[in-house]
Amino acid sequence: MKHLLSSAARRMASSEALVRPISMAADMFMGTRGCLMTFHRGASARAWEKLPNRDFYLDTNFLDQFLWHLKQRGWDVVTM
């Protein structure tokens, strides 16, 4: 019985019908929340062939475009 209840609780917690109103109430009381994005390393794509572990690099031109896109949509972009 305990397993069935915990399974049902997980389904309810992940359902949009429950999460959305809780999220809206949290915004009213605590203000909006942020989003943390982390990237391993940034480098120009031209330099990638010379870099070790190049799968961990992000193209700096793409990063500039991504941050511009967020700012255009009203996001406040800050650094840590």
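Bear in mind the structure is a predicted one, so any value in this text is a computation, not a measurement.

Undergrad: Before we move on, can you summarise the overall build of the protein with the specific residues and values?
TA: Tallying secondary structure elements over the protein gives three helices and two strands in all. Shown N-terminal to C-terminal, the secondary structure of the protein runs as helices and strands in the order α-α-β-β-α. When burial is assessed residue by residue, the protein has 8% of its 80 residues classed as buried. When contacts within the protein are restricted to residue pairs at least 6 apart in sequence, long-range pairs at least 24 apart make up 17% of them. Roughly 7,500 Å² of accessible area belongs to the protein as shown, and the carbon and sulfur atoms make up 60% of that amount.

Undergrad: Provide a residue-level description of the packing of aromatic side chains, including the pertinent values.
TA: Applying the stated criterion across every chain yields a total of two aromatic pairs. On the numbers, 6.4 Å between centres and 85 degrees between planes, the contact of F39 with F66 is edge-to-face. Taken together, the residues span a long stretch of sequence, with F39 in the loop between helix 2 (16-30) and strand 1 (41-43) and F66 in helix 3 (residues 60-72) at a distance of 27 residues. The exposure class of F66 is partly exposed, given its relative accessible area of 22%.

Undergrad: Requested: an account of the side chain of D59, with residues and values cited.
TA: Looking at the secondary structure, you find D59 in strand 2 (residues 57-59). At 7.2 Å, R46 is the nearest oppositely charged side chain to D59, a buried residue that forms no salt bridge. A distance of 3.2 Å separates the side chain of D59 from the backbone nitrogen of A45, its partner in a polar contact. When near neighbours in sequence (up to four residues on either side) are disregarded, D59 contacts A43, S44, A45 and W48.

Undergrad: How would you summarise helix 3 if you had to cite specific residues and measurements?
TA: The terminal C-alpha atoms of helix 3, which comprises 13 residues, lie 18 Å apart, in line with the 18 Å expected from a rise of 1.5 Å per residue. Phi turns positive, to about 95 degrees, at G74, one or two residues after helix 3.

Undergrad: How would you summarise the confidence of the model for the protein if you had to cite specific residues and measurements?
TA: Summing up the model confidence of the protein, the mean pLDDT is 77 and the portion of residues at 70 or higher is 76%. Ranking the elements of the protein by mean pLDDT puts helix 1 (residues 2-14) last, at 60, and helix 3 first, at 90.

Undergrad: Just give me the short version of the environment of L51, but keep the residues and values in it.
TA: With respect to the helices and strands, the residue L51 is situated in the loop between strand 1 and strand 2. Accessibility expressed as a relative area gives 22% for L51, which makes it partly exposed.

Cut-off values and rules
- Residues numbered from 1 in each chain as written.
- Predicted model: local features only at pLDDT ≥ 70, side-chain atom pairs only at ≥ 80, totals over all residues.
- Heavy atoms only, no water.
- Helix = DSSP H or I, 4+ residues; strand = E, 2+ residues; numbered from the N terminus.
- Buried < 20%, exposed > 50% of the residue type's maximum accessible area, 1.4 Å probe, protein only.
- Contact = heavy atoms within 4.5 Å.
- Areas by Shrake-Rupley, 256 points an atom, 1.4 Å probe, with all protein chains shown as cover.
- Phe/Tyr/Trp six-rings, centres within 6.5 Å; stacked < 30°, edge-to-face > 60°.
- Lys, Arg positive; Asp, Glu negative; His and termini not counted.
- Salt bridge = Lys/Arg side-chain N within 4 Å of Asp/Glu carboxyl O.
- Polar contact = N/O pair within 3.5 Å; in protein donor to acceptor, adjacent residues only side chain to side chain.
- Expected span 1.5 Å × (residues − 1).
- pLDDT = per-residue confidence, 0-100.

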